[in-house]
Each structure stands twice: as C-alpha cells, then as structure tokens.
Amino acid sequence: MTDASKSDANAMWGGRFAEGPDAIMSAINASISFDQRLYAQDIAGSRAHAAMLAATGILTPSDAEAIGKGLLTVLSEIESGKFVFSAALEDIHLNVESRLTEIIGEPGKRLHTGRSRNDQVAVDFRLWVRGQCDAAISGLTALMRAFVAQAEAGADWVMPGFTHLQVAQPVTWGHHMMAYVEMFARDRARFEDARRRMNECPLGAAALAGTSFPLDREMTARALGFDRPTANSLDSVSDRDFALEFLSASSICAMHLSRFAEELVIWSSAQFRFVRLSDKWTTGSSIMPQKKNPDAAELLRAKLGRILGATVALFTVMKGLPLTYSKDMQEDKEQVFDAADTLMLGLAAMTGMVGDLNANREVLKAAAASGFSTATDLADWLVQRLGLPFRQAHHVTGTLVAMAEARGCDLPDLSLAEMNSVHGGITQEVYSVLGVENSVRSRVSYGGTAPDQVRAQISRWQLALA
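Below or above, wherever it landed, is the structure these notes cover. The model shown is predicted, which means the values in this text are computed figures rather than measured ones.

With that out of the way, let us pick up empty space enclosed by the protein. Tallying each qualifying case throughout the model produces 1 cavity of 30 Å³ or more. Here the largest cavity is characterised by a volume of approximately 50 Å³. The wall of the largest cavity is formed by A254, L257, L300, K303, L304, I307, T342, L343 and G346. When the residues that make up the lining of the largest cavity are grouped by side-chain class, the tally is 6 nonpolar, 2 polar and 1 charged.

Given below as structure tokens:
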C-alpha cells in the first residue's frame, strides 16, 4: 500500500472528519489483522456486485469489466503474498477497494455504488461461515466412517457398559462405537440445518434501509450460491444468527469429541487397559520412561473450552445490541475463526485416533463379566420364567448379589443351592443367562446391543455414508 493511500485513509469518510484518528483509536478500530481472512469472500462478493451493477445499467460495461479484472489481480496478489495490508485502511473491504483503485483508477471508486460496508461484511462473513459448515460436514462424515469401521471390526466383542462409571450391563464394542456415530450424525445434521438457514444473501441491504438504486438482488444471490436474498434490510445487516448457530453446533460437536476423548484417557490407563493408542497420538514423560500419555485426547478434551468460550463471547456481544449495526459486531469474527480452526483440528485428530485405535478384546470381555454385570439378566429371568413381579425379582437379585459379594465371587459362581436359599423356584436354567455372551445376544430390541442389531445399524450407516 502506498504512503498516499495511507494518508488518504481518513478521506474514505469524506469531509466529516477534519483530523486523523488517534493511534489508540486506530488500534481499537482496525480489524484488518484478522478480517483479512475474508479476502476471497470479499472479492467474490464485489465481483458479483459489479456484474449486477452493469446488468442493471448502474455501471457501464467497461467499468464493470475493469473492476472484475482488477479484483482478480488483487486476489492474485493476496494469494501470492505480494499484497501489503494496511491497518490505516482498517479492514479487508477498504484494503481491497483501495488497491483496486490504484490498479484501475476511477472505475474502482464506483464499485461501492449501492452498497455499504454493513451489507458487505454481512455477505463476506456469511459466505465464510457457510464454507466452514461445509468443512465441518465433510470432517464429521470422515469421523463417522472411522467409528463405523471400528464397530464393524468388533460388532460382537463384549465389553462392560457403564452408568456412573460403574459396571452396569454387558454391551458390545460395536454398539459403543455406533453410539458415537449417532452423536456425530446429529452434529452433522445441525451444521446442515444451519447452512440451509444462513443461505440467504444480505448484499443489497446497504447500510440498513436498502438503496434507491435499482439493484437486482436475486442476481447477486444466485451468483454467490445463495438460495434467495434476505427479506428485510434491517435484519440483513444486524443478523449474526448464522455465526451463533455455527458456534452452537460447534460447541455441541466439540462436547461429543470431548466425551470420547475422556473415554480414551480412561480406557488407555493401566487400570483399564481397554485400548492401546498408537504412538502417533501419545507422548512420553521427561522423567518417567514407562509413561505413554494420551496427550492428543487430553488436548481435545480441553479444546472444547475454546469453542464454548467463543460461543458465550458472541452471545454476550449480540445480546444487548439495538437494531441495526453497531461497531460491537466487529468483535464477531475472531471468536468464530478460532472456534472453526479448533473444531476442524479436533475432527481431524479424532478421526486419526479412532482409525489407529486398537481395542484389547480379552480385557474388555473380562471386565464385562465383573461387577455383577448380568444382575439385570437374572432379574429379567425371574420375571419371564417364574412370573415374579419385577420389584420382587429386583429384591431377590439384590439379595443374591449381596451374597456373592460377601463370598467374594460373581453371580455365576453361586451354587444352585445358594440361589434356592433365596428363592426356591430358581432352576439350573438360570446359569444360561448369567454369561456375558448370552446377555448381549438377548438384547434384541431395536437399537439394542445384540450383535445382529449392531450389524444392522452398521449396514445402515455404511450405506448412508457411502
């Protein structure tokens, strides 16, 4: 950027301000340090706007052609690293427009006809967030495929299911993996829904009231891949729901990533030994040579805080703003940029970890048989075979659990005589339901952990993700 361009920065505001801004005010006011990230969207929006101005007769074809070519030159300069961004020009919009005018002269000054920086930033930011929704959808699809592959490999591997992190009932590895497929499918749907809602074009709303120029807003909307133009000019420039929805969906998704990261931390510990994480996703200790720390999982668990913090920050910015645009809204981008970067890093890292994950089948099976995990199966058997009311069956089973606990054994280790001492109707058949393999095979209700049910869900998702 030339010195002349910098000295002309205040002239962008016309004759209203006689003095240049104070240095502190300039530092607060400038956003180019972060919103330069919107350069591609800004140039795309400006090219669509110029083409529309020519089509409606507001610009001459020669001016529009010069603007279009000049903007491509600016784009090339930015992408090649030759462009010098100026804080004196505040933001990406003025930086691009100033350089365009340097390149093509007078026609560059006509580009801003019929628009304001208010609708310009609204369309730029909306285009960028829409692209991040697409990236999140793609990243989630890859992650879901990794979980489905894990589920297919261990569809019938028995493991403990937990409530309160206490052994509850036997489930299968495949069933547990598919639970995360369902979670991330909801996340993907949230991004898809948010994308549909945000796919309206605010360009043409101008500062807040629309414009007297005969703009063809349908044309610019189509050119930028939007479904339609926004319907209210006040809402168009003041809306940041699209960014809030993206952050909200990102926060829920990051929470799901954090939950599985927590399970990986627990499962990979010496006390559990359920899984082995590959060397790609672990580190050692500077003093303890035996350590293999699940650092990637721990960092993912922590990074939720950044995304959740960004969500709260933008809600806090927006909650007290009257219509329409206020300068507070300049503080919308950094949080969204950071959250998007963090989410995509988290999705990629988790996809890698799940793909490399090795489950310890024998340890999982042994753990599934501990903690009286088939107690519910015993209670169900008492109801189904002996006709006991469930509450009575629950009491009988609880008494047998206490007996086994006192003996230091599990339920299948109790003799039939010991069981008969609690309820005389119990027969030898009861032992058929006390094995963990039998337990998981019996859970045949839709969505249950029976291997056949799990394989059906795997097939459904393999088809959906193909």
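Our next topic: the nonpolar core. Counting 94 residues, the largest nonpolar core has W173, F191, F260 and M350 as the members making the most contacts within it. Ranked by residues supplied to this core, first place goes to helix α11 (residues 241-267) with 15 residues. The contact partners of M350, leaving out residues within four places of it in the chain, are L143, L257, F260, A261, L264 and L300. The next biggest cluster of nonpolar side chains, apart from the first, holds 20 residues, and it includes V396, L400, C409 and I426.

For helix α15 (residues 375-386), with 12 residues, the first-to-last C-alpha span of 16 Å sits near the 16 Å given by 1.5 Å per residue. Turning to α15, its buried residues are A375, D377, L378, A379, W381 and L382. For α15, the secondary structure elements touched by its buried residues are α16 (390-407) and α18 (436-442). Looking one or two residues beyond α15, the residue adopting positive phi is G387, at roughly 75°.

Attention now goes to the packing of aromatic side chains. How two aromatic rings sit relative to each other is given by the distance of their centres and the angle of their planes. Tallying each qualifying case throughout the model produces 16 aromatic pairs. On the basis of an interplanar angle of 75° and a centroid distance of 4.9 Å, the ring pair of F147 and F260 is categorised as edge-to-face. Highlighted residues: F147 in helix α7 (residues 117-153) and F260 in helix α11, separated in sequence by 113 residues. Here F147 falls in the buried class, since its relative accessible area comes to 0%. For the pair F162 and F272, a centre-to-centre distance of 6.3 Å together with 50° between the ring planes defines the contact as tilted. Of this pair, F162 sits in strand β1 (residues 158-163) while F272 is found in the loop between α11 and β5 (275-276), placing the two residues 110 residues apart along the sequence. Through successive ring pairs, a cluster of aromatic residues spans F147, F162, W173, Y180, F184, F260, W267, F272 and F274. Here the basic side chain of R130 rests over the ring of F226, its NZ or CZ set 4.7 Å away from the ring centre. The cationic tip of K333 hangs over the ring face of F125; the distance from NZ or CZ to the ring centre is 5.6 Å.

In this section: helix α6 (residues 92-104). Residue pairs three or four apart in sequence face the same way in an α-helix, which turns once every 3.6 residues. If you check α6, its first and last C-alpha atoms are 18 Å apart, about what 13 residues at 1.5 Å a residue would give, namely 18 Å. Among the residues making up α6, those that are buried are I92, H93, L94, N95, V96, E97, S98, L100 and T101. By the N-cap criterion, in which a side-chain oxygen at the helix start approaches the backbone nitrogen of a residue two or three places on, α6 is capped by D91, the distance to H93 being 3.1 Å.

This next bit is on the layout of surface pockets. Roughly 450 Å³ of internal volume is contained in the largest pocket. For the largest pocket, the lining is made up of 18 residues, of which F162, H176, Y180, R259 and E263 are closest to its centre. Of all the elements in the fold, those that place two or more residues in the lining of the largest pocket are β1, β2 (166-172), α8 (173-198) and α11. A breakdown of the residues in the lining of the largest pocket according to their chemical character gives 10 nonpolar, 5 polar and 3 charged.

A few words on the environment of V312. Of note, V312 is situated in helix α12 (residues 295-318). Taking the C-alpha atoms as reference points, V312 and S251, separated by 61 residues in sequence, lie 10.0 Å from one another.

Our focus in this paragraph is the environment of A23. For A23, the position within the fold is in helix α2 (residues 23-29). Distance from A23 to A88, taken between C-alpha atoms, is 9.9 Å for residues 65 residues apart in sequence.

Cut-off values and rules
- Residues numbered from 1 in each chain as written.
- Predicted model: local features only at pLDDT ≥ 70, side-chain atom pairs only at ≥ 80, totals over all residues.
- Heavy atoms only, no water.
- 1 Å grid on protein atoms, 1.4 Å probe; cavity = no way out; pocket = protein on both sides within 12 Å on 5 of 7 lines; lining within 4 Å.
- Points joined across faces, edges and corners; volume = space filled by probe spheres on them.
- Nonpolar A, V, L, I, M, F, W, Y, C, P; charged D, E, K, R; others polar.
- Core = buried A, V, L, I, M, F, W, Y, C linked by side-chain atoms within 4.5 Å.
- Buried < 20%, exposed > 50% of the residue type's maximum accessible area, 1.4 Å probe, protein only.
- Helix = DSSP H or I, 4+ residues; strand = E, 2+ residues; numbered from the N terminus.
- Contact = heavy atoms within 4.5 Å.
- Expected span 1.5 Å × (residues − 1).
- Phe/Tyr/Trp six-rings, centres within 6.5 Å; stacked < 30°, edge-to-face > 60°.
- Lys NZ or Arg CZ within 6 Å of the ring centre and 35° of its normal.
- Polar contact = N/O pair within 3.5 Å; in protein donor to acceptor, adjacent residues only side chain to side chain.

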